[in-house]
Amino acid sequence: ADLRPRVVTLDGDLKGEKAAFATIEKVMQSAPDSFPKGAKVLGVSTSGGTLQVNFNQAFVDESFWQGSTRTIVGTYSIVNTLTHEKNGFGADKV
């Protein structure tokens, strides 16, 4: 399992919440076995250093998340990437 943050290169001139949204999509595409089939990002918002990510209902598929390792890898791959300073989101929490 790889929990290290990823430095993600985005196409275009995306900033802030749009960049975070695109980054999450790239993380999910790069490790499809770490997320439930059909899981999608619905939106991203920021408030006071906290970045909130909203997913569709497929993301909370209990049968997929039954193993603790899978839960840790999927969740932390997103959190570690979004809080990694080189990605520039300035999020203290996700």
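Quick caveat, the model's predicted, so the values are computed rather than measured.

### Overview of the overall build of the chain
- Looking only at helices and strands, one finds two helices and two strands in the chain.
- Walking the chain from its N terminus toward its C terminus, one meets helices and strands in the order α-β-β-α.
- Each of the 94 residues in the chain was classed as buried or not, and the buried ones make up 33%.
- Considering only contacts in the chain between residues 6 or more positions apart, those separated by 24 or more positions represent 53%.
- On the chain, roughly 6,000 Å² of surface is accessible, and the fraction owed to carbon and sulfur atoms is 48%.

### Section: the side chain of N56
- On the secondary structure map, N56 appears in the loop between strand 2 (50-55) and helix 2 (68-83).
- At 3.0 Å, the side chain of N56 forms a polar contact with the backbone nitrogen of K40.
- Once you skip the residues sitting within four places of it in the chain, N56 turns out to touch G38, A39, K40 and L42.

### Brief notes about the pairing of strand 1 (residues 41-47)
- Where strand 1 and strand 2 come together, six bridges link them in antiparallel fashion. Its bridge partner being in strand 2, S45 is matched across the sheet by Q52.
- The loop that links strand 1 with its antiparallel partner strand 2 comprises two residues; one of these, G48, has a positive phi angle of about 55°.

### Considering the nonpolar core
- Grouped together as the largest cluster of nonpolar side chains are 16 residues, with contacts concentrated most on I24, M28, F35, L51, I78 and L82.
- Only helix 1 (16-30), strand 1, strand 2 and helix 2 provide two or more residues apiece to this core.
- The greatest single-element share of this core, amounting to four residues, is contributed by helix 1.
- Sequence-distant contacts of M28, that is, excluding residues within four places in its chain, are made with F35, A39, K40, V41, F55 and I78.

### Regarding the environment of F55
- Looking at the element boundaries, F55 is found in strand 2.
- For the pair formed by F55 and A39, sequence separation is 16 residues and the distance between their alpha carbons is 7.0 Å.
- If near-sequence neighbours (up to four positions away) are discounted, F55 is found in contact with I24, M28, K40, V41, L42 and I78.

The rules behind the values
- Residues numbered from 1 in each chain as written.
- Predicted model: local features only at pLDDT ≥ 70, side-chain atom pairs only at ≥ 80, totals over all residues.
- Heavy atoms only, no water.
- Helix = DSSP H or I, 4+ residues; strand = E, 2+ residues; numbered from the N terminus.
- Buried < 20%, exposed > 50% of the residue type's maximum accessible area, 1.4 Å probe, protein only.
- Contact = heavy atoms within 4.5 Å.
- Areas by Shrake-Rupley, 256 points an atom, 1.4 Å probe, with all protein chains shown as cover.
- Polar contact = N/O pair within 3.5 Å; in protein donor to acceptor, adjacent residues only side chain to side chain.
- Pairing = 2+ DSSP bridges.
- Core = buried A, V, L, I, M, F, W, Y, C linked by side-chain atoms within 4.5 Å.

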